[in-house]
Amino acid sequence: MSDIEIRDDRASGRLEALQGDEVTGRIEYFVLESPARALVPVHTVVEPAHEGKGIAGSLARELYGIAAREGAVVAPLCPYVVKWAERHPDEAPTADPGLLEAAMDWLREHPERF
């Protein structure tokens, strides 16, 4: 995967995996500010031609890395990221249940976003 670049397009709410100019996968997320700052992944998508190459896992790992560097947490709503975090507890701290509920509330209040 050395030819894969991961780019955070914060304005669009996408963490993208690129191979050359082609987006091969992405995590769609939003930033929650209250009750605590959190990155909230909602969907993970890998283009069919690129499945099975570890792209989704690399995106999840980078999302947790970004959160750590920013002093935020990850409150995963995306089923893939939830499972990835369960398999990598050393890299993916568990989010507070209250924070997850706040993320769900935000998502319900902004149905047009995803």
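In what follows, the structure referred to is the one given above.
Residues numbered from 1 in each chain as written. Predicted model: local features only at pLDDT ≥ 70, side-chain atom pairs only at ≥ 80, totals over all residues. Heavy atoms only, no water.

K.L.:
Which parts of the structure should I look at to understand the nonpolar core?
P.N.:
Grouped together as the largest cluster of nonpolar side chains are 22 residues, with contacts concentrated most on Leu 15, Ile 27, Leu 63 and Tyr 64. Elements with a contribution of two residues or more to this core: strand E2 (14–19), strand E3 (22–32), strand E4 (38–46), helix H1 (55–70) and helix H2 (79–87). Beyond its immediate stretch of four places on either side in the chain, Leu 15 contacts Ile 6, Arg 7, Asp 8, Gly 25, Arg 26, Ile 27, Tyr 29, Leu 59, Glu 62, Leu 63 and Ile 66. Counting ten residues, the second largest nonpolar core, distinct from the first, contains Phe 30, Val 40, Val 42 and Ala 102. (Core = buried A, V, L, I, M, F, W, Y, C linked by side-chain atoms within 4.5 Å. Buried < 20%, exposed > 50% of the residue type's maximum accessible area, 1.4 Å probe, protein only. Helix = DSSP H or I, 4+ residues; strand = E, 2+ residues; numbered from the N terminus. Contact = heavy atoms within 4.5 Å.)

K.L.:
Any chance you could explain the packing of aromatic side chains here in plain terms?
P.N.:
According to the stated counting rule, one finds three aromatic pairs in the structure shown. With a centroid separation of 3.8 Å and an interplanar angle of 20 degrees, the aromatic rings of Phe 30 and Trp 106 are classed as stacked. Here Phe 30, found in strand E3, pairs with Trp 106, found in helix H3 (residues 97–109); they are 76 residues apart in sequence, far enough to count as distant. For the pair Phe 30 and Phe 114, a centre-to-centre distance of 6.0 Å together with 50 degrees between the ring planes defines the contact as tilted. Taken together, the residues Phe 30 in strand E3 and Phe 114 in the segment after H3 connect sequence positions 84 residues apart. These aromatic residues form a ring-pair network of at least three members: Phe 30, Trp 106 and Phe 114. (Phe/Tyr/Trp six-rings, centres within 6.5 Å; stacked < 30°, edge-to-face > 60°.)

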